[in-house]
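Commentary on secondary and tertiary structure
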Number of protein chains: 2
Amino acid sequence: MSDKPRHITRDVLPEPTLRRLPWYLAYVKMLDSKHEDYVSSTQIAKRLNVDASQIAKDLSFLNIKGKTRIGYEVHPLKKELTEFLGFKHRHNAFLVGTGSLGSALMQDLGLMQYGLNIVAGFDINPEIVGKNVGDIPIYDIKELAARQRSSGVSIAIIAVPFENAQEVADYLVESNIKAIWNFTPYRIKVPRNIVLQNTSIYSDLAIMYNRMESSWNNIKNTPK
Amino acid sequence: MSDKPRHITRDVLPEPTLRRLPWYLAYVKMLDSKHEDYVSSTQIAKRLNVDASQIAKDLSFLNIKGKTRIGYEVHPLKKELTEFLGFKHRHNAFLVGTGSLGSALMQDLGLMQYGLNIVAGFDINPEIVGKNVGDIPIYDIKELAARQRSSGVSIAIIAVPFENAQEVADYLVESNIKAIWNFTPYRIKVPRNIVLQNTSIYSDLAIMYNRMESSWNNIKNTPK
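A short tour of the structure in this document, coming up. Here the residue numbers are simple positions, counted from 1 along each chain's written sequence. Think of it this way: whatever chain is written first is A, whatever ligand is written first is 1, and the rest follow in order. In view of the model being predicted, local features appear only for residues whose pLDDT reaches at least 70, and side-chain atom pairs are presented and counted only at 80 or more, with totals across whole chains, interfaces and linings using the full set of residues. To obtain the side-chain values, all non-hydrogen atoms of the structure were included, while hydrogens and water were left out.

**Some remarks on the packing of helix α1 (residues 15-33) of chain A against helix α3 (residues 52-59) of chain A**
Residues and elements named next belong to chain A. Whenever a helix is involved, its axis is fitted only over the stretch in contact; in every case the axis is a line through C-alpha atoms, and angles between N-to-C directions fall within 0 to 180 degrees. A run of DSSP states H or I qualifies as a helix once it reaches four residues; a run of E qualifies as a strand once it reaches two. Both are numbered from the N-terminal end. Their axes nearest at 10 Å, the elements α1 and α3 cross at an angle of 100 degrees. It follows that α1 is roughly perpendicular to α3 by the angle criterion. Across from Thr17, Arg20, Leu21 and Tyr24 in α1, the residues of α3 making contact are Gln54, Ile55, Asp58 and Leu59. Here the contact of α1 with α3 is built from residues that sort into four nonpolar, two polar and two charged. Note on angle classes: values under 35 degrees are labelled roughly parallel, values over 145 roughly antiparallel, values of 65 to 115 roughly perpendicular, and the remainder oblique. Contact between two residues is taken to exist if any of their heavy atoms lie within 4.5 Å; hydrogens are not considered. Ten residue types, Ala, Val, Leu, Ile, Met, Phe, Trp, Tyr, Cys and Pro, are classed as nonpolar, four, Asp, Glu, Lys and Arg, as charged, and the remainder, Gly among them, as polar.

Shown next, in the form of structure tokens:
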């Protein structure tokens, strides 16, 4: 038996770096599709409005070196970013709450492209249970623990009404789920050893509304 | 003609406050559905893992006062938060890119509940143009400028492949769109007077993957 870890061990990256890496990846993918060979951090900086020295620092976490004056090779940089961000591996996941947002996520091909493979949906609604969304079967939520045991899936997405978010999270933790991606605006609590990622598109919406008002009020109040 | 602004004029809120307000709303909605009458900031603090003094400070931006020892009245607090966050008004929006994620957003009833009403989708694919997603018609992207003029819609959602994100954004700005909600991981550039909100669910996914690895490596490396 080998003692080698399956993934490269690395330090916890600063979250701001981790948020910027997918921007670089998107840009580098675009350059790759245009058959560009090299990209410099100055070029990325100009395009993405991030400081060039910051970009060099962010990319120093990766197993790739730029060349003076020429920059990074586009194709290897794309591969390394994809690998580094975990998008190349296939991560199986359950999804709980196959309503409007939930079934939307089950149909989003983007998630699959970024390595997330939703293998089953779960719901409490007897009219939905037994049906499919695309190719993905929907099971009764009560079956989740047993299906976790037989499949070893360790990621679950929560897309239930927010009133039930905590209850579902507790059940997922009991069912041996190790990482929870919470799409409800409810701030669930989980034990420390559980990875929790919150994505609240409605919070982003509130921020947009607020900026719209501020910006329009400013225009109104600006002397001409 | 009245000079009164349609919305209450207010300062630009700190973004962290704005990110927390929807959490309070979700919690308060849940209390309201359970017919609770009062909630204290200590109670919210305990539940949401936010400092009680921070909560009192956040809520001080609202037009509502808590009572000593008793706290806030649940129902008025819910109404005020909903109003304040802009979720009560109806904001019409266009959506560009009716692929997997785009049509998912068009079907998400949650957006409507939070005040965003997608009135039309736009695409370049002639096989999709002319069809509907739910009740929402899909038009040729070339019609967007004209449809903006006739409808006055000022918000647009970008859900196209990231390679086309900038091009679409430029076209939206030319077409008199004032606020852009970008769901691609591409970091588009817009003029200063345009409100830009980025939501990259794939960046959140990368962060989750990274934390999963870190947390699992830590477990492996912890001496028993």
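After that view, the rundown keeps rolling.
**Overview of the sheet that holds strand β3 (residues 91-96) of chain B**
Strand pairing in a sheet relies on backbone hydrogen bonds. The paired strands run either parallel or antiparallel. Residue and element names in this part refer to chain B. Only when DSSP finds a minimum of two bridges between them are two strands counted as paired. With mixed pairing, seven strands are arranged side by side in an open sheet as β5-β6-β4-β3-β7-β8-β9. The two strands at the open ends of the sheet, each matched to only one other strand, are β5 (132-133) and β9 (195-198). In terms of strand pairing, β3 meets strand β7 (residues 155-158) through four bridges, oriented parallel. Counterpart to Ala93 in the pairing with β7 is Ile155.

**Here's the deal with the packing of aromatic side chains**
For Phe, Tyr and Trp, where Trp contributes only its six-membered ring, two rings pair if their centres lie within 6.5 Å, and the inter-plane angle classes them as stacked under 30 degrees, edge-to-face over 60, or tilted in between. Enumeration according to the criterion identifies 12 aromatic pairs over all chains in this entry. On the numbers, 4.9 Å between centres and 70 degrees between planes, the contact of A:Phe94 with A:Phe122 is edge-to-face. Highlighted residues: A:Phe94 in strand β3 (residues 91-96) and A:Phe122 in strand β4 (residues 116-123), separated in sequence by 28 residues. Neither A:Phe94 nor A:Phe122 differs from the other in exposure class; each is buried. Judged by centre distance (4.7 Å) and plane angle (50 degrees), the rings of B:Trp181 and B:Phe183 are tilted. Three exposure classes are used, based on accessible area relative to the maximum for each residue type with a 1.4 Å probe and protein chains only: buried under 20%, partly exposed in between, and exposed over 50%.

So far we have only geometry, and geometry alone does not tell us how the molecule works.
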